[in-house]
Amino acid sequence: MEFSKYHGLGNDFILVDNRHQVDPLISPETAAAWCDRHFGIGADGVIFALPGQTGTDYTMRIYNSDGSEPEMCGNGIRCLAKYLEALETADGRAPQAPHTYRIHTLAGVISPTLQPDGQVTVDMGHPILLAKDIPTTLGIPDDKVVNLPLAVAGQDWGVTCVSMGNPHCITFVDDVAAVDLDKIGPQFEHHPAFPQRINTEFIQVVRPDYLKMRVWERGAGITLACGTGACAALVAGVLNGLCDRMATVELPGGPLRIEWSVTDDRIYMTGPAQQVFRGSI
Ligand code: ZDP
């Protein structure tokens, strides 16, 4: 099978051309084996470019490196946009930037735009804020979860929860470098307050327009970047009165520009995505 390897700020994915079939060409178990960094290709997940549904151009599905299937993937959809550009170019119908794709995902229609400078801007849609929709058992089902206490590893953390289609739990800390991510990440991910498990972000507010973030991803562990997580972090920062509606989020793999638009309440994420290599397995 042919595959392409892409990354968005070091959050890396195996891309599969699945345009001719509505079901992913490989199983979750095979995807997990491909993602293994010692016994496989190595990646944080596998992304399938599938035929569009309900009027969209394409469908994206993704398996995490443990084989679980998330609803959405922010860095991944930037990689997908670049991958589609390469596939269409190979077919002799290269898209002219700026070009917007409408992508069907388990989190609804998400639209990445190829920019003339090579970056990709993604209309990530509206953030989801009610506890029951995250989902989390914290707080009141019909209310937001903003700076509520959560006991993890013998400590009370003030957490804010946001779904960008996939669930996120955000904690603001003085120094992200001091967070023992390997130890506490899994305890957040599997905490009983999160029935669908959770992606966990630790955020240091350097300035209102500059956040530093480290992430423990559901189904993937520590990654160098998380696009949906960066969007969720900015929303959490605004809800806590800690940051502007437009900010740079610095991840271990590099920066993303995030905006929570006042005019349409939607989140816009801008960042790079790059092909690393192609291969067959
Ligand atoms: O929600 C989850 O289970 C995540 N692991 C999905 C992947 C999110 C991602 N890192 C992103 O950039 O949004 C790809």
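K.L.:
Got a minute to help me understand the packing of aromatic side chains in this structure?
P.N.:
Given two aromatic rings, one states the distance between the centres and the angle between the planes to describe the pair. All told, the structure shown has eight aromatic pairs when counted by the stated rule. Ring geometry for W157 and F202: centres 5.7 Å apart, planes at 65 degrees, overall edge-to-face. Placement of W157 in strand β10 (residues 155-163) and of F202 in strand β12 (residues 199-207) is noted, with a sequence separation of 45 residues between them. Here the two residues W157 and F202 agree in accessibility, since each one is buried. Judged by centre distance (5.5 Å) and plane angle (85 degrees), the ring pair of F188 and F202 falls under edge-to-face. One end of the pair, F188, is in helix α3 (residues 181-189); the other, F202, is in strand β12, and 14 residues separate them in sequence. Each member of the pair, F188 as well as F202, is classed as buried. By the ring-pair criterion, three or more aromatic residues cluster together here, those being F3, W34 and F277.

K.L.:
Sorry if this is basic, but what is going on with unusual backbone geometry here?
P.N.:
Note: most residues except glycine have negative phi, and most peptide bonds are trans. Residue P98 follows A97 across a cis peptide bond; omega there is 0 degrees. Mapping P98 onto the fold places it in the loop between α2 (74-90) and β5 (99-100). Of note, the amide linkage connecting I134 to P135 takes the cis form, showing an omega dihedral of -5 degrees. The residue P135 is located in the loop between β8 (120-123) and β9 (148-152) in this model. At T54, a position not held by glycine, the phi torsion is positive, near 45 degrees. When you line up the elements, T54 lands in the loop between β3 (45-51) and β4 (58-64). The phi dihedral of D265 is positive, around 65 degrees, even though this residue is not glycine.

Conventions we followed
Residues numbered from 1 in each chain as written. Predicted model: local features only at pLDDT ≥ 70, side-chain atom pairs only at ≥ 80, totals over all residues. Heavy atoms only, no water. Phe/Tyr/Trp six-rings, centres within 6.5 Å; stacked < 30°, edge-to-face > 60°. Helix = DSSP H or I, 4+ residues; strand = E, 2+ residues; numbered from the N terminus. Buried < 20%, exposed > 50% of the residue type's maximum accessible area, 1.4 Å probe, protein only.

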